[in-house]
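# Examination of the molecular architecture
As a plain string of letters, each chain reads:
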Amino acid sequence: MKHEIRSTTVLAMIRDGRLAMAADGQVTMDSMVVKHTARKIRRMYHGKVLTGFAGSVADAQALADRFEAKLEGVGGNLTRGAIEFAKEWRMDRMLRRLEALMLVADTGKLYLISGDGNVLEPDDNVAAIGSGGPYALAAAKALLRNTEIDAASIVEQAMRVAAEVCIYTNDKVTIEQLP
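A brief report on the enclosed structure follows. (Residues numbered from 1 in each chain as written. Predicted model: local features only at pLDDT ≥ 70, side-chain atom pairs only at ≥ 80, totals over all residues. Heavy atoms only, no water.)

## Description of the overall build of the protein chain
- Per the secondary structure count, the protein chain includes four helices and twelve strands.
- Along the three orthogonal principal directions, the C-alpha set of the protein chain runs to about 45 × 40 × 25 Å.
- Across the 179 residues in the protein chain, those meeting the buried criterion constitute 47%.
- Of the contacts formed within the protein chain by residues at least 6 apart in sequence, a portion of 59% connects residues at least 24 apart.
- Counting only carbon and sulfur atoms, one obtains 50% of the accessible surface of the protein chain, whose full area is about 9,000 Å². (Helix = DSSP H or I, 4+ residues; strand = E, 2+ residues; numbered from the N terminus. Buried < 20%, exposed > 50% of the residue type's maximum accessible area, 1.4 Å probe, protein only. Contact = heavy atoms within 4.5 Å. Areas by Shrake-Rupley, 256 points an atom, 1.4 Å probe, with all protein chains shown as cover.)

## So, the sheet that holds strand β2 (residues 9-15)
- Pairing in this open sheet of four strands is antiparallel, and the strands run β11-β2-β3-β12 from one edge to the other. Every interior strand has two partners, whereas the edge strands, β11 (126-130) and β12 (174-178), have only one. In this sheet, neighbouring strand axes are inclined to one another by 10° on average, regardless of whether the strands run parallel or antiparallel.
- Sheet topology note: the β2/β11 ladder contains five bridges and is antiparallel. Across the sheet, residue Leu 11 finds its bridge partner in β11, namely Ala 128.
- Across the sheet, helix α3 (residues 133-146) touches β2 and β11, and the angle it forms with β11 is around 165°.
- Each of β2, β3 (18-23) and β12 is contacted by helix α4 (residues 151-165), which is oriented at about 155° to β2, the strand it contacts most. (Pairing = 2+ DSSP bridges. Axes fitted to C-alpha atoms, helices over the stretch in contact; angles between N-to-C directions.)

## A word on the packing of α3 against α4
- One way to put it is that α3 packs onto α4 with a least axis distance of 8 Å and a crossing angle of 140°. When the axis of α3 is compared with that of α4, the two are oblique. Two packed elements cross with a definite hand, and for α3 against α4 that hand is right-handed. Residue-level contacts link Tyr 135, Ala 136, Ala 139, Ala 140, Leu 143 and Leu 144 of α3 to Ile 154, Gln 157, Ala 158, Met 159, Val 161, Ala 162 and Val 165 of α4.
- For the contact of α3 with α4, the residue count by class is twelve nonpolar, one polar and no charged. (Parallel < 35°, antiparallel > 145°, perpendicular 65-115°, else oblique. Left-handed = near helix turned anticlockwise from the far one by under 90°. Nonpolar A, V, L, I, M, F, W, Y, C, P; charged D, E, K, R; others polar.)

## Regarding the packing of helix α1 (residues 57-73) against helix α2 (residues 78-91)
- At a minimum axis distance of 9 Å, the contact between α1 and α2 shows a crossing angle of 135°. On the basis of the axis angle, α1 is oblique to α2. Remark: the crossing between α1 and α2 carries right-handed chirality. The segment α1 lies against α2, with Leu 63, Arg 66, Phe 67, Lys 70 and Leu 71 engaging Leu 78, Gly 81, Ala 82, Glu 84, Phe 85, Glu 88 and Trp 89.

## Considering the packing of aromatic side chains
- Summed over the entire model, instances satisfying the criterion amount to two aromatic pairs.
- Joined through ring pairs, the aromatic side chains of Phe 67, Phe 85 and Trp 89 make up one cluster. (Phe/Tyr/Trp six-rings, centres within 6.5 Å; stacked < 30°, edge-to-face > 60°.)

Limitation: the analysis is restricted to geometry and does not speak to function.
Right, dumping it as structure tokens:
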């Protein structure tokens, strides 16, 4: 029997030159919560890049290691690293079987990367992935348009909204910021 694992809500945004990325801690297998405090955000390239993952842990770890190697190989150039990584992910026979999405960002750029070769840069510097992503994204966009609060406060509040409406998202939120 194959178990469906739903395990992530990750939200990132850049506002006023500051990056904030938040992720909930819940991992759910079928109808059971198996972990409340998973860490889904990783710092890369000397702490200058944040990466968040949605998907299975093993797939996310494999992809994180590959992305980090690409980023190191291009001297931390996030755009070039993201494009090179997406090409490799799409072309590599083993990698393209991995099911995950990634948010990668520094204080100037934010990208959503998928295994089908997409490297998407949101128009408004806010993006979300995972089962609660649409809820967190909607809340963040509303706060972005109607308040002057900082990026960290927006992602925190938006993640709280997602936790209230998505059964696969909890309120054990981790927030990482740059700079």
